[in-house]
Amino acid sequence: MSREDFEALVVDELDALPDEMVDGLDNVIFVIEDRPEDGSLDLLGVYEGFALTDRGQYGFGELPDRIVLFREPLLSICDDEETLRDEVHTTLVHEIAHFYGIDDAQLHELGWA
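Scoring rules and cut-offs
- Residues numbered from 1 in each chain as written.
- Predicted model: local features only at pLDDT ≥ 70, side-chain atom pairs only at ≥ 80, totals over all residues.
- Heavy atoms only, no water.
- Buried < 20%, exposed > 50% of the residue type's maximum accessible area, 1.4 Å probe, protein only.
- Helix = DSSP H or I, 4+ residues; strand = E, 2+ residues; numbered from the N terminus.
- Pairing = 2+ DSSP bridges.
- Expected span 1.5 Å × (residues − 1).
- Polar contact = N/O pair within 3.5 Å; in protein donor to acceptor, adjacent residues only side chain to side chain.
- Arc of directions from axis to C-beta.
- Salt bridge = Lys/Arg side-chain N within 4 Å of Asp/Glu carboxyl O.
- Contact = heavy atoms within 4.5 Å.
- Axes fitted to C-alpha atoms, helices over the stretch in contact; angles between N-to-C directions.

Enquirer: Could you give an account of the pairing of strand β2 (residues 45-48), with specific residues and numbers?
Expert: Side-chain alternation along β2 places G45 and Y47 on a buried face and V46 and E48 on a face that remains uncovered. Sheet topology places β2 next to strand β3 (residues 65-70); 4 bridges connect them, and they run antiparallel. Across the sheet, the residue bridging to V46 is V68, located in β3.

Enquirer: Residue-level account of helix α4 (residues 81-99), with values.
Expert: End to end, α4 covers 27 Å across 19 residues, agreeing with the expected 27 Å (1.5 Å per residue, within 8%). Taken as a whole, α4 has its buried residues at L84, V88, T91, L92, V93, H94, E95, I96, A97, H98 and F99. One side-chain oxygen of the residue at the start of α4 lies 3.3 Å from the amide nitrogen of E82, identifying that residue as D80. One or two residues past the end of α4 sits G101, with phi positive at roughly 90 degrees.

Enquirer: Can you tell me about helix α1 (residues 3-16), naming the residues and giving the values?
Expert: The end-to-end C-alpha distance of α1 is 20 Å, a good match for the 20 Å that 14 residues give at a rise of 1.5 Å each. Those residues of α1 not exposed but buried are F6, L9, V10, E13 and L14. The buried residues of α1 occupy one face: seen down the axis, they fall within an arc of 140 degrees. Set apart from the buried face of α1 by more than 90 degrees, the exposed residues are E4 and D15.

Enquirer: Explain the pattern of salt bridges to me, and be specific about the residues and the numbers.
Expert: Tallied over the entire structure, the rule returns 9 salt bridges. Between R85 and D12 there is a salt bridge, with the nearest N and O atoms lying 3.5 Å from each other. You can see R85 sitting in helix α4 and its partner D12 sitting in helix α1, a full 73 residues away along the chain. Taking relative accessible area as the criterion, R85 reaches 22% and is therefore assigned partly exposed. Of the charged contacts in the structure, one is a salt bridge between E33 and R66, with a shortest N-O distance of 3.0 Å.

Enquirer: How would you sum up the environment of L43? Please name residues and give values.
Expert: Along the chain, L43 turns up in the loop between β1 (28-33) and β2. Given the relative accessible area of 36%, L43 is considered partly exposed. Remark: the alpha-carbon pair of L43 and F70, spanning 27 residues in sequence, is separated by 7.2 Å. Not counting residues up to four positions away in its chain, the partners in contact with L43 are P36, F70 and P73.

Enquirer: Which residues make up the sheet that holds β1, and what values do they have?
Expert: Reading across the sheet, the 3 strands line up as β1-β3-β2 and stay open at both edges, with mixed pairing between neighbours. The sheet is open, and its two edges are formed by β1 and β2, each paired on a single side. When strand polarity is set aside, the average angle formed by the axes of neighbouring strands in this sheet is 15 degrees. Relative to β3, β1 is paired through 6 bridges, and the arrangement is parallel.

Written out as structure tokens, the structure is:
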């Protein structure tokens, strides 16, 4: 899948998320990169920033938090577009949850890890 098609798929999945999930996102950007810095195919996405629960003095002038999806790892585990959409959706929910301060243990309990 081309980078442009992948980006369009991610945008579609972002648009499909519930308003309650995305309306609270403040100062967050979504980024697509080919692979993590270490070049591995093990990591599908990452949240880089300060969770809402850790934003004591957070305020004006802060660089945006980032939610990064890694294109090549996601493509490597999916055999078709439907599976890719499911994985992108799950990865977006997982990383957005980190923005809200939900850790991996809680995500695992909820079935999103």
